[in-house]
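Coordinates in review
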Amino acid sequence: NLSVGLVGLANVGKSTIFQILTQQTQIGNPANYPFATIDAIKSIINIKSPILDHYQTIFQSEKKIESNLMIWDIAGLTRNASSGEGLGNQFLNDIRNVDGIMHVLRGFQDEEIIHIENNEVDPIRDLTIVNDELILKDLEVIENNLDRLNKLKKKPVHGHNVNKIELENEFKVFEKLQDLLYDGLKINQVEWDNPDEITIINKYHFLTAKPTLYLLNVNEHDYKTQTNQYLSDIQHWLTKNSPHDKLLMISANYESSLLEQEELTNSTIVNEIITSMKSALNLISFYTCGPKECHQWNLRRGNTVQEAAGLIHTDLQKTFISSIVYKWVDLKNLDLFNESLIKSQGKQYKQGKKYLVEDGDVVIIKAGS
Ligand code: GDP
């Protein structure tokens, strides 16, 4: 199950946004004092999908099963978290376990709500504090490993225990990462395309390697007009320091009033946040549809249909023979799915195990026993 963590300083609106995304008011603990949230709280968000709804209709499935994301409300970070302050290390470890980050920034003024940094709203200072803590934590991991590898390099080789080439490669990657972080850049700001480097980087679950979506929490007026006094400065900052990360505005207060009136299903921002997070995580969806149920599954872009089969059932991956695929473009205008008609139009595709699944595909797996 893929997971996303809400990250940010205390009192920026994380817990409120957590409730909005999960559409429940009972969980989480929005409160006007720092550290209201100590333990990370998690919940599942079902991902609404008009494509799934359409497939359920045309396949006349009894029920639909949406794909989901696990979301964690991670307690507020503070300056110096990486050196253990304010339960810092615990928070940073909670971040290590998620696949993606939603970084919440406070862009709203409210005298009543304490700001832990000099009681002054300044989202760029805030995001720098948080990112610096993530960078420092990654540097700590890198420095420890460089020390470890240095010691290993000096050891004489006994038997096959130490592979010198692997060591050297790992060492080089760590040095590269270290330079990057020293420049204040996050690991995910570099296009890594060497698979060996990617394997090494993935092994260590670096905090700054995680795809990030920035959420600027603003008042209702700013959200509705898509203006905010800090917006252009933040966009500038992102272009310079974090060009791969997207920024969205949200008004936590406004959305939570919708939630109370049970009108949140109409909220466009919730869908937009989830869609943006999915694409930051490089996720697409494929579907399995029959009379009983129509099911939406999340899959990494670039995965094969055999890997997709493994999500449905590990046995299906092992005994995979072939697949039948229908494309969204061919199905989107239908009122009813008619297999023989589709087949006669040449829109039923037989695909072998290497086929790369595309967003919107309906997939039927053929497997042995
Ligand atoms: P967290 O510490 O980041 O999880 O922040 P919370 O969600 O607990 O919010 C802290 C306080 O700020 C609570 O009293 C919220 O009601 C308030 N708050 C959250 N979002 C907004 C907002 O958009 N506008 C205003 N005025 N207050 C907000």
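Residue positions are counted from 1 within each chain, in the order its sequence is given. Predicted model: local features are reported for residues with pLDDT of at least 70 only, side-chain atom pairs are reported and counted for 80 or more only, and whole-chain, interface and lining totals are derived from all residues.

On to the overall build of the protein chain. Put simply, DSSP H or I for four residues or longer makes a helix, DSSP E for two residues or longer makes a strand, and each gets a number counted from the N terminus. A tally of regular secondary structure across the protein chain gives 14 helices and 12 strands. Our exposure labels follow a C-beta count within 10 Å of each residue's own C-beta, placed from the backbone: buried means 20 or more other C-beta atoms, exposed means 12 or fewer, and partly exposed covers the counts in between. Within the protein chain, the fraction of its 369 residues that count as buried is 35%.

Domain borders in the structure are assigned automatically or taken from a domain database. Here the protein chain is partitioned into domain 1 (3-280) and domain 2 (302-367). Between domain 1 and domain 2, the residue contacts involve 5 residues of the former and 9 residues of the latter. In the side of domain 1 that touches domain 2, the residues fall into 4 nonpolar, 1 polar and no charged. Here, residue contact means that the backbone-derived C-beta atoms of the two residues sit within 7 Å. In the scheme used here, Gly and all other residues not listed as nonpolar or charged are polar, with Ala, Val, Leu, Ile, Met, Phe, Trp, Tyr, Cys and Pro taken as nonpolar and Asp, Glu, Lys and Arg as charged.

Attention now goes to helix α4 (residues 123-154). In a helix, the anticipated span is given by 1.5 Å times the number of residues less one. Over its 32 residues, α4 extends 46 Å from the first C-alpha to the last, a length consistent with the 46 Å expected when each residue adds 1.5 Å. Within α4, burial applies to Pro-123, Asp-126, Leu-127, Val-130, Asn-131, Glu-133, Leu-134, Ile-135, Lys-137, Asp-138 and Ile-142.

Along any regular strand the residues' side chains alternate between the sheet's two faces. By the criterion of burial, strand β1 (residues 3-7) is predominantly enclosed, with 4 of the 5 residues buried. By the convention used here, strands pair only if DSSP detects at least 2 bridges between them. As judged from the 4 bridges shared by β1 and strand β4 (residues 68-73), these two strands associate in the parallel manner. Bridge pairing in β4 places Leu-6 opposite Asp-73. Bridge count between β1 and strand β5 (residues 100-106): 4 bridges; the pairing is parallel. The residue of β5 that forms the bridge with Gly-5 is Ile-101.

Here we take up the environment of Ile-74. The topology assignment puts Ile-74 in the loop between β4 and α3 (88-96). Given 27 C-beta atoms within 10 Å, Ile-74 falls into the buried group.

A few words now on the confidence of the model for the protein chain. Mean pLDDT over the protein chain works out to 88, with 89% of the residues at or above the 70 mark. Confidence of the predictor in every single residue is expressed as pLDDT, which spans 0 to 100. Taken together, the stretch residues 32-37 has pLDDT below 50 and engages in 20 contacts with residues farther than four places along the chain or on a different chain. In the predicted complex, the global pTM is 0.87; the interface-specific ipTM is 0.94.

Between N-to-C directions, angles span 0 to 180 degrees; the directions come from axes that are lines fitted to C-alpha atoms, helices contributing only their stretch in contact. Relative to each other, helix α1 (residues 14-22) and helix α9 (residues 252-260) sit at 40 degrees, their axes nearing to 9 Å. On the basis of the axis angle, α1 is oblique to α9. Note on packing geometry: the crossing formed by α1 with α9 is left-handed. Each of Thr-16, Ile-17, Gln-19 and Ile-20 in α1 lies in contact with α9, whose residues at this interface are Ala-252, Glu-255, Ser-256 and Leu-259. When grouped by side-chain class, the residues that make up the contact of α1 with α9 number 4 nonpolar, 3 polar and 1 charged. Orientation categories follow fixed angle ranges, with anything under 35 degrees roughly parallel, anything over 145 roughly antiparallel, 65 to 115 roughly perpendicular, and all other angles oblique. Two helices that cross are described as forming a left-handed crossing if the nearer one is turned anticlockwise from the farther one by less than a right angle, and a right-handed crossing if clockwise.

What follows covers the sheet that holds β5. Strands sit in the order β2-β4-β1-β5-β6-β7 across an open sheet of 6 strands; the sheet is mixed. At either margin of the open sheet sits one strand with a lone partner, and together these are β2 (41-46) and β7 (246-250). When the angles between neighbouring strand axes are averaged without regard to direction, this sheet yields 25 degrees. Together, β1, β5 and β6 (212-217) form the strand contacts of α4, whose direction differs from that of β5 by roughly 145 degrees.

Direction vectors running N to C along helix α5 (residues 164-182) and helix α6 (residues 195-203) enclose 75 degrees, while the axes themselves pass 10 Å from each other. Considering their axes alone, α5 and α6 lie roughly perpendicular with respect to each other. Between α5, through Asn-169, Glu-170 and Val-173, and α6, the contact on the second element is made entirely by Asp-196, Glu-197, Ile-200 and Ile-201. Residue classes in the contact of α5 with α6 are distributed as 3 nonpolar, 1 polar and 3 charged.

The residue His-205 is not glycine, and still its phi comes out positive at about 50 degrees. Looking at the element boundaries, His-205 is found in the loop between α6 and β6. Overall, His-205 belongs to the partly exposed group, with 15 C-beta atoms counted inside 10 Å. Phi is positive for Gln-226, which is not a glycine, with a value near 55 degrees. Note that Gln-226 resides in the loop between α7 (220-225) and α8 (231-241).

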